[in-house]
Amino acid sequence: MHDSRAWRQALTILAGTTLLRLIVGAIVPLFPDETYYWDWSRTLMAGYFDHPPMIAVLIRAGTTIFGHTAFGVRFFPVLAGTGAAAAITFTARELAGDDAARLATLVFACLPLAAVGLVLATPDSPMLCAAGWTMYAVVRALREPSGTANRKLRMWWLVAGVSIGLAMASKFTSVLLPAALVVAFVSHPRLQNEFGKPGPYLAVAVASLVLLPVLWWNARHDWVSFRFQLGHGLGEPKGGMLGAVNRELELVGGQIGLVSPILFYFVVRAVKRAFEPTPDGVRAVLGVVAACCFAFFMYSATRRSVEANWPAIAWLPAVVLLATEPPRSWRSERWLTRGLVLGSVLSAIVYAHVVFPILPLPAPRDQVAKAFGWQLLADKVQKHREWLTSRASFGSSDLYFAAERYQDASELAFHLPDFL
């Protein structure tokens, strides 16, 4: 069902949240991980030690236009986050109309995961954007009539291939998306027919071509990125059984916090209901993708610590499922409204804490504190550097500074006047 008013409201929410994230992104200093990726952008390559190159490309484009500023670093990653939200909006609209699109946009905007995480210049933003449009293209392809003369069908599989290639060129964990799609196609009788059609194979071929430069770079560097990521997430277990249980609890608790407690219940329930039998299997595809992605990180937590943002890819289809199956009773509708309010309040508290510290957190436990103090440190280093070079008697003014972490060195490089 289409309602132009609901659709306009959805687009207004997209525009408003984008503007808000751009403002916050311009105010808040860069976090160490962001300056680390900025350092990559100064020397563009087809791959880096621990990630593919997409985030470096976006940062390079932003700083080329807006200069050496936090806004320049974050501009295109923020737009990529908006692209992820737009993909969720369009997917919900395709499945259930404008009201569902509005609800999907609103739910995603209220998730602290999106409100806070999509401000930052990290690989998650382009990965979620590309993964979201992969999801939309697959849904469109599955809803198109079959036939060798159907150009739209081939076009949507082509879009899916390009999107998943870009997702894997952003972050390697997005390989979970095509793997989950295979599981979904195998598990549904109607979708098993897709293996006899050329569309999915076209998508795989196109995705491989898009990813080819990244694969070539890794092949020339002893597959360092793949080896690092496999060891990072699936290395030897640590801490025994007690450590595994503790990591699982941290993972689930982190997801409840990033999604917000009430909305967490609703999206999990929506994923569960997606496995109820349907003729076309489209909702089952979204449910399988969400469940498989989250299950992988649950398994990863049995071996190593899982950072809270890693399972973010699982929440894209989950939000679509929630929006396309609204509450069936007034009680559920009331609780969903409360969930939206709670999520937005939690996000607002984080935004406020960034500008005016209001949470009584000690500095070592305050993640926001990691972004502050670097300019002061760089000023001190610069003064000491000028003092040393002014007294040098050996005819050289070159001094080199080192740090214990790449991120710390990149913060100094970003804030020193001549970009060490």
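Every chain begins its residue count from 1, and numbering advances along the sequence as written. Reporting in this predicted model follows two pLDDT cut-offs: at least 70 for local features of residues, and 80 or more for side-chain atom pairs to be given and counted; totals over whole chains, interfaces and linings ignore these cut-offs and use all residues. To obtain the side-chain values, all non-hydrogen atoms of the structure were included, while hydrogens and water were left out.

**Student:** Looking at this model, I keep getting lost on helix H4 (residues 70-96). Mind explaining?
**Tutor:** One turn of an α-helix holds 3.6 residues; hence residues three or four places apart share an orientation. Between the first and last C-alpha of H4 there are 39 Å, a value that for 27 residues agrees with the 39 Å anticipated at 1.5 Å per step. What is called the bend at a residue is the angle between a pair of axes, fitted to the seven residues leading up to and ending at it and to the seven starting from it. Each helix is a run of H or I in the DSSP string that is no shorter than four residues. Each strand is a run of E no shorter than two, and both are numbered from the N terminus. The principal kink in H4, of about 30 degrees, is found at Phe-76, preceding the proline Pro-77 by one to four residues. Here H4 lies mainly inside the structure; 19 of its 27 residues are buried. Directly beyond the C-terminal end of H4, a positive phi value near 95 degrees is found at Gly-97. Expected helix span is computed as 1.5 Å times (number of residues minus one). Only protein chains enter the accessibility calculation, which uses a 1.4 Å probe; a residue whose area is less than 20% of its type maximum is buried, one above 50% is exposed, and one in between is partly exposed.

**Student:** Could you clarify how one ought to interpret the pattern of salt bridges in this entry?
**Tutor:** Pairs can form between side chains of opposite charge once their charged atoms are near each other. For this analysis, a salt bridge means a side-chain nitrogen from Lys or Arg found within 4 Å of a carboxyl oxygen belonging to Asp or Glu. Tallying each qualifying case throughout the model produces 12 salt bridges. Between Asp-99 and Arg-102 there is a salt bridge, and its shortest N-O distance comes to 3.2 Å. Here Arg-102 and Asp-99 lie together in helix H5 (residues 98-110), a separation of three residues that amounts to about one turn. Judged by its relative accessible area of 40%, Asp-99 is partly exposed. The residue Glu-325 makes a salt bridge to Arg-273 at a minimum N-O spacing of 3.7 Å.

**Student:** Where do I start with the nonpolar core in this structure?
**Tutor:** In globular proteins that are soluble, nonpolar side chains generally tend to be buried together. Residue types Ala, Val, Leu, Ile, Met, Phe, Trp, Tyr and Cys, when buried and joined through side-chain atoms within 4.5 Å, form a set referred to as a nonpolar core. Ranked by size, the top nonpolar core spans 86 residues in total, and within it Phe-108 and Trp-157 carry the most contacts. With 12 residues, helix H7 (residues 124-143) is the single largest residue contributor to this core. Here, residues are in contact when the closest pair of their heavy atoms is within 4.5 Å. Once you skip the residues sitting within four places of it in the chain, Phe-108 turns out to touch Ala-85, Ile-88, Ala-114, Leu-118, Leu-316 and Val-319. Within the second largest apolar cluster, 14 residues are counted, among which are Tyr-37, Trp-40, Tyr-48 and Ala-121.

**Student:** I would appreciate a short explanation of a nonpolar patch on the surface in the present structure.
**Tutor:** Surface patches are drawn from residues lacking salt bridges whose relative accessible area is over 30%; two like charges belong together within 9 Å, two nonpolar side chains (Val, Leu, Ile, Met, Phe, Trp, Tyr) within 5 Å. What sets the accessible areas is the Shrake-Rupley method with a 1.4 Å probe; for residues, cover comes only from the shown protein chains. Together, Leu-19, Ile-23, Ile-27, Val-341, Val-345, Ile-349, Val-355, Phe-356, Ile-358, Leu-359 and Leu-361 make up a nonpolar patch on the protein surface, roughly 980 Å² of accessible area in all. Those elements that place two or more of their residues in the nonpolar patch are helix H1 (4-27) and helix H16 (330-355). Among the elements that make up the nonpolar patch, the one with the highest residue count is H16 (four residues).

**Student:** Is there a simple way to think about the packing of aromatic side chains in this case?
**Tutor:** In this description, a pair of aromatic rings is defined by centroid distance and the angle of the planes. We call Phe, Tyr and Trp rings a pair once their centres come within 6.5 Å, taking the six-membered ring for Trp, and we label the pair stacked below 30 degrees between planes, edge-to-face above 60, and tilted otherwise. Inspection of the entire model under this criterion finds 24 aromatic pairs. For the pair Phe-90 and Trp-133, a centre-to-centre distance of 5.8 Å together with 45 degrees between the ring planes defines the contact as tilted. Of this pair, Phe-90 sits in helix H4 while Trp-133 sits in helix H7; the two residues are 43 residues apart in sequence, bridging distant segments of the chain. With a relative accessible area of 28%, Phe-90 lands in the partly exposed category. Chaining the aromatic ring pairs together yields one cluster made of Trp-7, Phe-90, Trp-133, Tyr-136 and Trp-156. Distance and angle both matter: a charge sits over a ring if NZ of Lys or CZ of Arg is within 6 Å of the ring centre and within 35 degrees of the ring normal. We note Arg-93 situated over the ring of Trp-7; from NZ or CZ to the ring centre the distance is 3.9 Å. The cationic tip of Arg-338 hangs over the ring face of Trp-335; the distance from NZ or CZ to the ring centre is 4.5 Å.

**Student:** Help me understand unusual backbone geometry, please; the structure alone is not making it clear to me.
**Tutor:** Negative phi values dominate among residues other than glycine, just as trans dominates among peptide bonds. Even without a glycine there, the phi angle at Trp-223 is positive, about 55 degrees. Within the element layout of this structure, Trp-223 appears in the loop between helix H10 (198-220) and helix H11 (224-234). Judged by its relative accessible area of 39%, Trp-223 is partly exposed. Positioned with a positive phi, Ser-260 is a non-glycine residue whose angle comes to about 85 degrees. For Ser-260, the location among the structural elements is in the loop between helix H12 (240-259) and helix H13 (261-273). Since its relative accessible area comes to 0%, Ser-260 is described here as buried.

Note that all results are geometric; they support no functional claim without further evidence.
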